[in-house]
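Below are the chains, spelled out letter by letter.
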Amino acid sequence: MPANEDTLSDDRRPSQPPDARMPRWLPRAMVLALALVACFQLASWGFHQLVGLLLNILIAFFLALAVEPAVDWMAARGVRRGLATGAVFLGILVAAAGFFALLGSMVAGQIATMVEEFPQYLDSVISWANSTFHTHLSRLEVQNNLLNSDWLQKYVQDSANNVLAVSATVLGSLFNLLTVALFSFYFAADGPRLRRALCSVLPPSRQAEVLRAWEIAVAKTGGYLYSRGLMALISGFAHYVLLEILGVPYAPALGVWVGLVSQFIPTIGTYLAGALPILIAFTVDPWYALWVFAFVVVYQQFENYLLQPRITARTVDIHPAVAFGSVIAGTALMGAVGALIAIPATATLQAFLSAYVKRYEVTDPRAHGGHRSRRAAQALARVRRGLHRDGPEGPKAPGDESAGEDEQTGRS
C-alpha cells in the first residue's frame, strides 16, 4: 500500500518542462544592453553640451591652417614661430579693428545726419499728407502722439528688460572669439609639434598620408584666404574710386565694406555688399544710385569671368556648382560657420581625392558628346590599317568588320 500511494502521488504531480529555467547568458546580455544604452545617452548628452566648443575648435583649426603659410614664411627667415604667429594675428586684429572703426564712423555719421534732418523729413511728410489727404496735421501733434503711443512705451520697456540678455549675448560672443583666437594661435604656433604628436600614434604607412593631407589642407585653406583677400583689395579699391568720383560720403568705409563682404560672405555677399553703397548714393542723388548699381553689375561680371579664374586657378579651383552646393550643405550642417569653411574644406577634399584617385584618358570621342569627329575617325582608321598590315595570320583588332565604315566616316 505505501508503495502504491507513492506511485499515485508521483503520477499526480504536474510535469515541468526541462527548459523552464532562465538561461545564464540572458541577465548578462540585459546588463550589457542597458550599459550600452546608458553610454550612448551619456555620449549624446556630452556632445550636445560641447557642440559649441567643438565648433570653435573647428573654426580655430581652419584659421590656423589659413595663417600657417605666412607663419612658415616668417619662420623660414629666422623669426621664432611663436613671435611670427603673434605678428600675423596682430596684423589681422589691426585690420579688423580698422574695418569696424571705419564702419562704425559711417554708421554713427549717418545716424547723426538722420537725427539732425529728422524734423525736415517730418515736415515734408506732413505737408505731403495734408495736401494729398486734405488733413490738418502738425509736427507737434505727431510728435506728441508718437511719444505717448502704447507701442513705443512697450518697446522701451521690453528693451530695458532685455538689456541683461543682450549683455550676456555680447559677453558670450566675446568669449567665443577669445576661445577661437587662443586655439588658433596654439594650432599655428605648435603646428609641427601637433603633427608629430598625431603621427606618433599612427603606423609609418599612414604617417605619409596624414602629412600629405595636412599639407593639402594648408595649401588650399591658405590659398583660399589669400586669393579672397587679394580680390577684396581690388574690389574695394575699384568701388572706392567710383564713390569718390561721385562724391558719395564715407567712400573709404564703403569700399572696405564692398571688398570684404562680397568676398568673404558666400553666395549672397555680393548683393549685401552692393546694397549699402547704392542706398547711401541714393540719399545724395538717385542718378548716383543708378550709376553705382550699374558699376556693381559690370564689375561682378568682370570678376567672375576674368579676375577670379586667374587668381584662384592655382589655389581653390573648384567648379561653381560644387562651390554653391558645398556652401548650402555647410549652412545646413553648421549654419554661418559651415558657410564660411565649406569652400576651403571642399577644395581640400577634392585635392586629396585627386591625389589618390587614378584617372585614365578617354579614348572614345563619343564620351565628349555628339558623334565621332573627323580627326578621331581618321586616327582610328589609320590604327586599324596598321594592324591589317600584319597579314592574314596577324592579329586583328576587335571590331575590324566596321573598319570600312570608319574609313568612310573619316573621308566624310
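Scoring rules and cut-offs
- Residues numbered from 1 in each chain as written.
- Predicted model: local features only at pLDDT ≥ 70, side-chain atom pairs only at ≥ 80, totals over all residues.
- Heavy atoms only, no water.
- UniProt positions renumbered as here; feature names shortened; annotations may be inferred.
- Helix = DSSP H or I, 4+ residues; strand = E, 2+ residues; numbered from the N terminus.
- Buried < 20%, exposed > 50% of the residue type's maximum accessible area, 1.4 Å probe, protein only.
- Contact = heavy atoms within 4.5 Å.
- Areas by Shrake-Rupley, 256 points an atom, 1.4 Å probe, with all protein chains shown as cover.
- Salt bridge = Lys/Arg side-chain N within 4 Å of Asp/Glu carboxyl O.
- Expected span 1.5 Å × (residues − 1).
- Bend = angle between axes of the 7 residues up to and from the residue.
- 1 Å grid on protein atoms, 1.4 Å probe; cavity = no way out; pocket = protein on both sides within 12 Å on 5 of 7 lines; lining within 4 Å.
- Points joined across faces, edges and corners; volume = space filled by probe spheres on them.
- Core = buried A, V, L, I, M, F, W, Y, C linked by side-chain atoms within 4.5 Å.

If you check an unreviewed UniProt entry, the protein appears there as AI-2E family transporter from Streptomyces ramulosus. Of the comments in the UniProt record for the protein, the one headed Subcellular location (unreviewed entry) reads "Cell membrane". As stated in UniProt under Sequence similarities (unreviewed entry), the record for the protein gives "Belongs to the autoinducer-2 exporter (AI-2E) (TC 2.A.86) family."

1. A few points about the overall build of the protein
Summing up its helical and strand segments, the protein has 15 helices and 0 strands in all. Burial statistics for the protein: of 412 residues in total, 27% are counted as buried. Counting contacts in the protein only where the partners sit at least 6 residues apart, residues at least 24 apart contribute 62% of the total. As displayed, the protein offers around 28,800 Å² of accessible surface, 67% of which is attributable to carbon and sulfur atoms.

2. A short note on the pattern of salt bridges
The final tally for this structure, using the stated rule, is 4 salt bridges. Across the pair Arg-81 and Asp-72 runs a salt bridge whose closest N-O atoms are separated by 2.8 Å. On the accessibility criterion, Arg-81 (17% relative accessible area) is buried. Between Arg-206 and Glu-209 there is a salt bridge, and its shortest N-O distance comes to 3.3 Å. One end of the pair is Arg-206 and the other is Glu-209, both in helix 8 (residues 204-246) and 3 residues apart, which spans about a single turn. Through salt bridges with shared partners, one network takes in Glu-68, Asp-72, Arg-81 and Arg-195.

3. Details of helix 2 (residues 25-75)
Look at helix 2: only 62 Å from first C-alpha to last across 51 residues, short of the 75 Å you get at 1.5 Å a residue. At Leu-50, helix 2 is deflected by roughly 55°, the largest bend along its length. Those residues of helix 2 not exposed but buried are Gly-46, Asn-56, Ala-60, Phe-62, Ala-64, Leu-65, Ala-66, Val-67, Glu-68 and Val-71.

4. Considering empty space enclosed by the protein
For the coordinates displayed, the defined rule picks out 1 cavity of 30 Å³ or more. Considered as a void within the structure, the largest cavity measures approximately 70 Å³ in volume. Elements with a minimum of two residues in the lining of the largest cavity: helix 8, helix 9 (251-264), helix 10 (269-284) and helix 11 (286-311). If one sorts the elements of the lining of the largest cavity by residue count, helix 11 sits on top with 4 residues.

5. What to know about the layout of surface pockets
Counted as a void, the largest pocket has a volume near 2,000 Å³. Along the wall of the largest pocket there are 47 residues; nearest its centre are Leu-63, Ile-92, Ala-96, Leu-225 and Phe-264. Elements represented by at least two residues in the lining of the largest pocket include exactly helix 2, helix 3 (81-133), helix 6 (163-189), helix 8, helix 9 and helix 13 (336-356). For the lining of the largest pocket, the element with the most residues is helix 3, which contributes 11 residues.

6. Quick look at the UniProt feature "transmembrane region" (unreviewed entry) in the protein
UniProt records the feature "transmembrane region" (unreviewed entry) at residues 53-71, 83-108, 163-188, 230-251, 271-299 and 320-343, using the numbering of this structure. End-to-end, the C-alpha atoms of residues 53-71 are 25 Å apart, and along that stretch the chain is 100% helix and 0% strand.

7. Focus on the nonpolar core
The nonpolar side chains of a soluble globular protein tend to be buried, and buried together. If you look at the biggest cluster of nonpolar residues, it comprises 19 residues, and the most contacted ones within it are Leu-243, Val-248, Leu-254, Trp-257 and Val-292. Looking at this core, the elements that each hand over two or more residues are helix 3, helix 8, helix 9, helix 10 and helix 11. Among the elements that take part in this core, helix 9 stands out by supplying 6 residues, more than any other. Residues in contact with Val-292, not counting those within four places in the same chain, are Leu-242, Leu-243, Leu-246, Pro-277, Ile-278 and Ala-281. Counting residues in each nonpolar core, the second largest holds 10 residues, with Ala-64, Val-67, Val-71 and Phe-89 among its members.

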